[in-house]
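# Structural overview
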Amino acid sequence: MLSTIPRATIRLQFHQGFTLDDGAAVIPYAASLGMSHLYASPILKARPGSTHGYDIVDHNAINPELGGESALQRLSATLRAHNMGLILDIVPNHMGVGGGDNTWWMDVLEWGRASRYADAFDIDWSPPDPALHGKIMAPFLGEFYGAALQSGDLRLACDAPAGRVSVVYHEHVFPLSPAGMAMVLKAAPRRFADAIAHFTAAADLADRQEIARPLAETARHRFAGLLETPDGQAGLATALARYEPNSTEGEHRLHDLLETQSYRLTYWRAAADEINWRRFFDINTLAGIRVEIPWVFSESHKLILDLYARGIIDGVRIDHVDGLADPRAYCRKLRRTLTAAGRARPPGAASGPPYIIVEKILAPHERLRADWLTDGTTGYDFMNEGAAVLHDPEGAKPLADLWHDLTGRSGDFDLEERDARRQVLRDNLTSEWNATAALLHRLAAGDLATRDITLTALRRALAELLINFPIYRIYAGAGGSTDNDAQTMDWALARALRSFRVADRGLLYQIRHWLADRPLAREPLERRSLHRRAMVRFQQLSAPVAAKSVEDTAFYRYGRLLSRNEVGSTPAQFSLTPAAFHAAQSQRAANLAHAMLATATHDHKRGEDTRIRLAVLSEIPEAWQTALARWMRLNSALVRDLDSGRAPSEADEIMLYQTLIAAWPLGTSVQTADGFRDRVWGWWEKSIREAKLRSEWAAPDEAYEDACRQFLDGIFDVTRATATLGEIVAFAQRIGPAGALNSLGQIVLKYTVPGVPDLYQGTEFWDQSLVDPDNRRPVDFAARITARTTSETCENLLLHWQDGRIKQTVIAQLLAFRANNRTLFDHGDYTALEGTGSQASHVLAFARSHGAGRLVVAISRLATPLLGEAPLPLVPMAAWGDTMLPLNATTSAPWQNVLTGQRIVPADGGFGLSDLFATMPVAVLHQA
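Notes on the structure follow. It should be emphasised that the depicted structure is a prediction, and the values quoted were computed from it without experimental measurement.

### A few points about the overall build of the chain
- Regarding its fold elements, the chain presents 33 helices and 28 strands.
- For 928 residues, the compact-globule formula gives about 30 Å, and the C-alpha radius of gyration of the chain, at 30 Å, lands near that figure.
- Expressed as lengths along the three principal axes of its C-alpha atoms, the size of the chain is roughly 100 × 70 × 65 Å.
- Burial status across the chain gives 61% buried among its 928 residues.
- At a minimum sequence separation of 6, the contacts of the chain that also span at least 24 residues come to 74%.
- Carbon and sulfur atoms form 51% of the exposed surface of the chain, whose accessible area is close to 33700 Å².
- In the chain, which carries 96 positive and 108 negative side-chain charges, the distance between the mean positions of the two groups comes to 4 Å.

### Here's the deal with helix H19 (residues 505–516)
- The terminal C-alpha atoms of H19, which comprises 12 residues, lie 17 Å apart, in line with the 16 Å expected from a rise of 1.5 Å per residue.
- For H19, the complete set of buried residues consists of Leu507, Leu508, Ile511, Arg512, Trp514, Leu515 and Ala516. Buried residues of H19, viewed axially, fall in a sector of 165 degrees; they line one side.
- Where H19 is buried, its residues contact helix H16 (430–445), helix H17 (455–467), helix H18 (483–499) and helix H20 (525–551).

### Structural notes on the sheet that holds strand E26 (residues 903–904)
- Taken together, the 6 strands give an open sheet; going across it, the order is E21-E22-E23-E28-E25-E26, and neighbouring strands pair in antiparallel fashion. Whereas interior strands pair on both sides, the edge strands pair on one side only; in this sheet they are strand E21 (829–833) and E26.
- Summarising the sheet, strand E25 (residues 895–897) and E26 pair through 2 bridges and their orientation is antiparallel. Its bridge partner lying in E26, tryptophan 895 is registered against isoleucine 904.
- Where helix H21 (residues 578–591) meets the sheet, its contacts fall on E21 and strand E22 (843–850), and the angle it forms with E21 comes to roughly 175 degrees.
- Each of E22, strand E23 (853–860) and strand E28 (922–927) is contacted by helix H27 (residues 725–750), which is oriented at about 155 degrees to E23, the strand it contacts most.

### Here we look at the packing of helix H28 (residues 781–789) against helix H30 (residues 805–820)
- Where H28 meets H30, the closest approach of the two axes is 10 Å, and the angle between their N-to-C directions is 65 degrees. Taken together, the axes of H28 and H30 are roughly perpendicular relative to one another. Of the two possible hands of crossing, H28 and H30 adopt the one that is right-handed. For the pair formed by H28 and H30, the contact residues are Arg784, Ala787 and Arg788 on the first element and Arg805, Gln808 and Ala812 on the second.

Scoring rules and cut-offs
- Residues numbered from 1 in each chain as written.
- Predicted model: local features only at pLDDT ≥ 70, side-chain atom pairs only at ≥ 80, totals over all residues.
- Heavy atoms only, no water.
- Helix = DSSP H or I, 4+ residues; strand = E, 2+ residues; numbered from the N terminus.
- Rg over C-alpha atoms; globule rule 2.2 N^0.38 Å.
- Buried < 20%, exposed > 50% of the residue type's maximum accessible area, 1.4 Å probe, protein only.
- Contact = heavy atoms within 4.5 Å.
- Areas by Shrake-Rupley, 256 points an atom, 1.4 Å probe, with all protein chains shown as cover.
- Lys, Arg positive; Asp, Glu negative; His and termini not counted.
- Charge placed at Lys NZ, Arg CZ, Asp CG, Glu CD.
- Expected span 1.5 Å × (residues − 1).
- Arc of directions from axis to C-beta.
- Pairing = 2+ DSSP bridges.
- Axes fitted to C-alpha atoms, helices over the stretch in contact; angles between N-to-C directions.
- Parallel < 35°, antiparallel > 145°, perpendicular 65-115°, else oblique.
- Left-handed = near helix turned anticlockwise from the far one by under 90°.

As structure tokens, then:
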């Protein structure tokens, strides 16, 4: 019987161009691969045209663009027919706003603080700017407010059937309040007297919503009825004409009308400085919601709980858990409510507890907290471990020196990160920084001992803590902080003290005391509430500061080796020792045996095979230095000198070369690479803007970007006398076998270590993708289905490794083995194995056992020196010499290779690697 706990998942990205019915068509293939669960991107109703689904506007409807409820029922039936389940990506942190689709948001715009949904959003109704008191900033204008008025892009429009008049700006709709409706209709008082009276009464009684809302509904109903008559339509035309901005009087009237509303329309750039509601990161169209409020949780999770109770879903992935006010309380409550809903699951539904995983970025020293009661993370931690252990630590220093010598930028990523944090606070998250400081200032003012602390000083000190913060966030609450939280704060404090003014250092200690020291129960109720808000606001700020600074800025500035610039990783950690890798897997087996294991996601910076091919450079830094110096010299004629400096900069140029050799689709000729060139430009343009050094999204430097585009076009011009594209492609082909060897090793690790392996759509073939949207391109499932219908041995497929079928087959064979040995993978222990002999450092191995079942897994590692000029991703047998893999066991019973079917008998207490890796660079041996 199917379990709610997945054996393996396949992630599919749903959108208007790939619906739930399209997903259902893929399920038979997914089942043939051995998947137990579909892992779906968000499917609740999102903003029209959403390509990702994380901008939900209605938590209680399946997205009609995906096919709606009926399509979900068809998908569910197809899954059950293939003995598969469904894990759903949910978004509790934020909703899509702007446009006119989110009824909660529209209600807040209409009724302001009196709205029944006002508490659902994290709005500060009393911000420092008096112009925003009692209002919500609406930063959706593409120009300054005055210009939008004058241009006529801001205008009134009527939804006659709904009896509403709204201000519209392109796709954005801003409903008028009852008072605003009365104000507009008074231009035709005889026709609309009754509606005006009801709107006016509703406005006067807005704080008593149980009375005001029926009055407003009556007014709208009567107004809509009048609009069905010619007299009513004429009256409306007269009323709206007075607010047409094509005259000075109309412009002033429209402005005066807008000034009476509960929102303040502003240029979108103003949000960075003064927005008074919590966003997802710095995105104005995603507003944070407060699921810590019981009714908000209930309303936003009603459909999710229903889907679980009906047996349609078996678990959830929690998006951006660190955005929530109290992740621990949320996760625990979600498990309780899902478990309760599960009592109604129908016979035949998957059995077991709800599967709950969280999207959580962990620092190298950080561990997911057990008391959250989740099954683990979405797998970024393994994505880091599986890649880092395949990087050669000996390459760290020469590559850092090379980067510094050629670019003048620091080889120390920590310095790059701190600079990025400072800039992001200053330019992108200023409003959130100011709001947090303001709460601390109010806290200080309420105590005689701290009342003299100024807001300006608090901003400075708070900035230094955030700039030096080592993880996404802490989780201190009303009961104080855990030891982990205290250690994190001490770490940040120690780092901040190094660069902070000596006279003000006591302020850092005071902030640490407020944010992570004492339980709040000793404080008066009002102060306790303020204190708790300050703690939460800090925690909800440190996470986006980390994400925007590291993943979305510093990753695009620092190019020692881009394979380490990955979500869930830090470039400061260049590699991972085998011992550290084994320790992480043992810990997962002991604590979170069902955590997800990822090597590719919809958010990755580089595809799993792009990343791991690039890792080869860590083994050959000298060869890379030689090639890089030659290409930069030969392409110097393509470089332009602008007033702003060299174009492209040395840093951008080096990152480009790394991308070309890492993502080049082997088998593609230089003459047919136009499509690849366009993909690379999509990545490079994003990289340049995310770095925020020479251009940025908010203010693109067209001259610099044009120069970079011409530079890229010049590289792809093979008619140039100094053309380098052929050499670049040759270099990619040279490291291709080593990259493929790494890829096969990475895949074998993912499908055999403790945890639940996830396959991101299409990556069962080589994944040479780049950052989104490149990693969300349509998948050619037809080609993959065709490949599954052929039956070839791994040894034969390895001869044709460039077509990717070897990867698909390895995955399918490992999943078939997992299906027949689930207990071994769910409960088996994990033991590191060490090789002996001259090439022992080039093998990574471990054993797993449960009862009579035993498994030995071994992969070739850092094998470029052993490969030489070999055309296949397979180390020649002779290169292994005397290297052995001891089994630490006395039995001489035969083992069977899961991938090749070969029976192998240990000799001298182990396996010779020349035999173990005779036909494949990886080995998975089973003994029942």
